[in-house]
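# Structural description and commentary
So you can see what is in the structure, the chains are spelled out below.
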Amino acid sequence: MRLNPSENILPFEINYAQASAHEMSRERKEAWARYSNLGLPNHRLESWRYTDFRAACLKSFHPADKAIDNIELVREHESYRLVLLNGVLRHDLSDINLMPDGVNVDNIYENQSNLKENISFNTSNFSNLIKDTIVDLNTALASDGFIIKITEGVELTKPIEILNVITKQCSVFTRIFVDLSENSRINLIETLKNNSLHGAQVNHVLYAKLAPNSGLDLFSYLSGSGQSCTGILTLLAELERGASINSNVLFNLNGFFRRQVFAKLKEEHANITLNGVVLAKTKDHIDNTIAVEHCAPNTMSNEVFRYILNNKSVGVFQGKIIVQPAAQKSDGFMQSKAILLSDLAAMNSKPELEIFADDVKCSHGSTCGEIDKEQLFYLMSRGLDEQEAKSLLIEAFAFEAFSAFKDDKMSNFTKNILADWLFIKRNLS
Amino acid sequence: MLEVNDLHVSVGDREILKGFTLKVAAGEVAAIMGPNGTGKSTLSYVIAGREGYTITRGEILLNGVNLLDLAPHMRAANGVFLAFQYPVEIPGVACMQFLKAAMNAQRRSRGDEEINTPEFMKRVREESEKLKISQEMLRRPLNSGFSGGEKKRMEILQMALLQPKLSILDETDSGLDIDALKTVSEGVNSLRNPARGFLIITHYQRLLDYIKPDTVHVMAQGRIQKSGGAELALELEKHGYQNYVSNEAA
Ligand SMILES: Nc1ncnc2c1ncn2[C@@H]1O[C@H](COP(=O)(O)OP(=O)(O)OP(=O)(O)O)[C@@H](O)[C@H]1O
Ligand SMILES: [Mg+2]
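The following paragraphs examine the structure supplied in this document. As a convention, each chain's residues are numbered from 1 in the sequence order in which they are written. Whichever chain is written first is A, and whichever ligand is written first is 1; the rest continue in order. Only residues with pLDDT of at least 70 are given local features in this predicted model, and only at 80 or more are side-chain atom pairs given and counted; all residues enter the totals for whole chains, interfaces and linings. Computation of side-chain values: all heavy atoms of the structure, hydrogens and water removed.

## With respect to the layout of surface pockets
Residue and element names in this part refer to chain A.
- In the cavity and pocket records, a cavity denotes points on a 1 Å grid over the protein atoms alone where a 1.4 Å probe fits but cannot get out, a pocket denotes an open set with protein on both sides within 12 Å along at least 5 of 7 lines, and lining residues are residues with an atom within 4 Å of a point. Grid points are joined across faces, edges and corners, and a volume is the space filled by probe spheres set on the points. Empty space within the second largest pocket amounts to approximately 530 Å³.
- Residue lining of the second largest pocket: 27 residues in total, with Ala-64, Lys-66, Gly-87, Val-88 and Ser-143 positioned closest to the centre.
- When residues in the lining of the second largest pocket are grouped by element, the largest group, three residues, is from helix α1 (residues 13–19).
- Of the residues that constitute the lining of the second largest pocket, the class distribution is eleven nonpolar, nine polar and seven charged. In this description a helix means any DSSP run of H or I spanning at least four residues, a strand means any run of E spanning at least two, and both kinds are numbered starting from the N terminus. All residues other than Ala, Val, Leu, Ile, Met, Phe, Trp, Tyr, Cys, Pro, Asp, Glu, Lys and Arg, Gly among them, are scored as polar; the first ten of these are nonpolar and the last four charged.

Listed below in structure tokens is the structure:
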């Protein structure tokens, strides 16, 4: 079953052939071996029941050719920007040499010392949570990416932005390793922009390691005017004492996509907030799968997701909270809600609690339905037409998931995207 | 201005309004009183255009326009306003955003320009002060977590800003404390003019002490049983509805 039936070879074999032209670390070779053995995950694996990734990648795309494309990229954010174009760093478009004091950015490919590779490519700490080969595949094939190290005590106000742009049919494997030292804090914007009109395949991993009392504000935005982007965005997070992650993800792309999060709250008072909004227009399939492991006492996790599903789109939410025996007085909250704007849209929701400690507070809830008729009538009785009333209600619904935004600029950015989306939808329907 | 003729309305297979007929002239304040479950809220919802009712017979005309042909927002555009018996909570939609959207929607439908922000703020401040609605309350999401009385005052604020031709107040007095009852009544009275009509649904004479009705109608069993002047409300206060409720329908 591991073979790709249409080509009779393993998907992404060509990527591996190219990658292994360079010297490869043991981690990467082993990761490829594990992947070759199991292949891509399919619906027979419990956590891939709703999202059959193997079926979605029957035909695997090649890495992008090395031609230098002329491309203009508008700056959407005031940030230290790092651009990956079709999976490869674009120095000329990146601020890699403009980083402020206390921020050290290395390209994983150019400065390929074995030591750095070891740090950034070893994901064995997550082996109890990860049951498939998606991250292995990324480890083996990452064609580019960064190691970002933040010095102790450094707090950046201007965000660092990783802009992953795809302009043509290709497969992209990128990896970012963020290493936050004690008491440091950054804003990170992770943007995927698929502008390929002939499809794209993406496997992007962000590995964040947070030392005591450090903080990461993460905004992940999946977007683009291109067609059918098939892919996985992974967040691996390890948090030490008092560290915190506040992550907001916004989906606004055409395609078949999963964002998966594996988070370990390793020491006391570590906390993670994982919020997200899914805007799905046509035949999109959007999946958020999350596993948070509470390993220590007094750790907190909080997840709020909102799905707005139009036409024939499908939403998936799978959230798992694991509380280890040592993690007394932990607090885990998980909620997903979906609005179905069409009879053909569908939502699959699967919350799971695995609790091995007795003194914990964990809860989950999920709902799925249409727009509330009473609210709609109330607004219309005041003169708003149906579309305007619906837009207002949808906006309010979506923003319940973004209440944790700390940054007004980001909050406004998402508000505008939502308004545009609703406007386009309105003009199409 | 408002003419309801022989209106029959059912929910499922149960008929609730059974030949309801009523006229309200321009400038008139008409009060409707009647026992619980008689169909007063049903009537107001049907006038405002809520879904879920089957209209089997009759018509509702506002200045000659048949409201039953119109979607709720077009009825609002034609000047209908319902102050809900139970205002709906809308978490996530800020009061101010909603008020502006409502005012602009109605302006657009009249072909007027949208209101500019300073003008809007000024209007809201003026009217909310009259109704003793705090700025803090206006910063909150619409009706969510508002007390019963706060919700009712919010309804009247909307009425004041939208300046409807026909205002239906469905038990706006219930849940109001004595002072709020006065301020709300003043709000209504200040809107009274020869071009506007009011339909005031209430259980209590007290509201009618503040808002003097021109006509009082007793509604029971899905239609008007008796109409009269303000004195009819006093009679009801004394004798209740026993004379208007027949046994056969109970
Ligand atoms: N959607 C509905 N489904 C079933 N029954 C309904 C529905 N709406 C109204 N009714 C019934 O119709 C009758 C009239 O209800 P309505 O709310 O109009 O009464 P009301 O006169 O406003 O009463 P109150 O004075 O208590 O406010 C009641 O018996 C009520 O149960
Ligand atoms: Mg009622």
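## Here we look at the pairing of strand β14 (residues 285–294) of chain A
All names here are of chain A.
- Burial classes follow relative accessibility: with a 1.4 Å probe on protein chains only, a residue under 20% of its type's maximum area counts as buried, one over 50% as exposed, and anything between as partly exposed. Of all ten residues in β14, ten are buried; the element is thus mostly enclosed.
- Residue alternation in β14 divides its side chains into two sets, His-285, Asp-287, Thr-289, Ala-291 and Glu-293 and Ile-286, Asn-288, Ile-290, Val-292 and His-294, and both sets are buried.
- Following DSSP output, two strands are said to pair if at least two bridges run between them. Relative to β14, strand β12 (residues 255–265) runs parallel, the two being bridged by ten bridges. Directly across from Leu-265, in β14, lies its bridge partner His-294.
- Sheet analysis places β14 next to strand β16 (residues 314–323), joined by ten bridges and oriented parallel. Its bridge partner lying in β16, Asp-287 is registered against Val-316.

## Describing the site of ligand 1
Residues and elements named next belong to chain B.
- Note on terminology: near, applied to a residue and a molecule or strand, indicates that one of the residue's heavy atoms is within 4 Å of it. Contacts to ligand 1 come from 13 residues, most closely from Arg-14, Gly-37, Lys-40, Ser-41 and Thr-42.
- Residue Thr-38 places a main-chain N or O atom 3.2 Å away from an oxygen atom belonging to ligand 1.
- Using the Shrake-Rupley algorithm and a 1.4 Å probe, accessible areas are obtained, with residue cover drawn only from the displayed protein chains. In isolation ligand 1 offers 640 Å² of accessible surface; the protein chains occlude 64% of this area.
- No other element matches helix α1 (residues 40–48), which puts three residues into the shell around ligand 1.
- Across the shell around ligand 1, the residue classes tally to two nonpolar, eight polar and three charged. Two N or O atoms count as a polar contact when they lie within 3.5 Å, although within protein this holds only if one can serve as hydrogen donor and the other as acceptor, and sequence-adjacent residues are included solely when both atoms are side-chain atoms.

## Some remarks on the nonpolar core
- Working definition of a nonpolar core: buried Ala, Val, Leu, Ile, Met, Phe, Trp, Tyr and Cys residues. They are joined through side-chain atoms within 4.5 Å. One finds Leu-2, Leu-7, Phe-20, Ile-47, Leu-99, Leu-138 and Leu-199 of chain B to be the most contacted residues of the largest nonpolar core, which totals 103 residues.
- In this view, Leu-2 of chain B contacts Leu-22, Lys-23, Val-24, Ile-47, Ile-60, Leu-61, Leu-62, Leu-166 and Leu-199 of chain B; residues no more than four positions away in its chain are not counted.
- Grouped together as the second largest cluster of nonpolar side chains are 68 residues, Cys-170, Ile-176, Tyr-307 and Ala-327 of chain A included. Residue contacts are counted whenever heavy atoms from the two residues lie within 4.5 Å of one another.

## Overview of the sheet that holds strand β10 (residues 229–239) of chain A
All names here are of chain A.
- Within the open sheet, the nine strands sit side by side as β3-β4-β6-β8-β10-β12-β14-β16-β18. Their pairing is mixed. Each having just a single partner strand, β3 (103–107) and β18 (346–355) make up the two edges of the open sheet. Strand after strand, the sheet turns through a mean of 10 degrees between neighbouring axes, direction not considered.
- Axes here refer to lines fitted to C-alpha atoms; in helices the fit is confined to the stretch in contact. Angles between the N-to-C directions go from 0 to 180 degrees. Across the sheet, helix α5 (residues 134–141) lies against β6 (171–180), β8 (200–210), β10 and β12, angled at about 95 degrees from β6, the strand it touches most.

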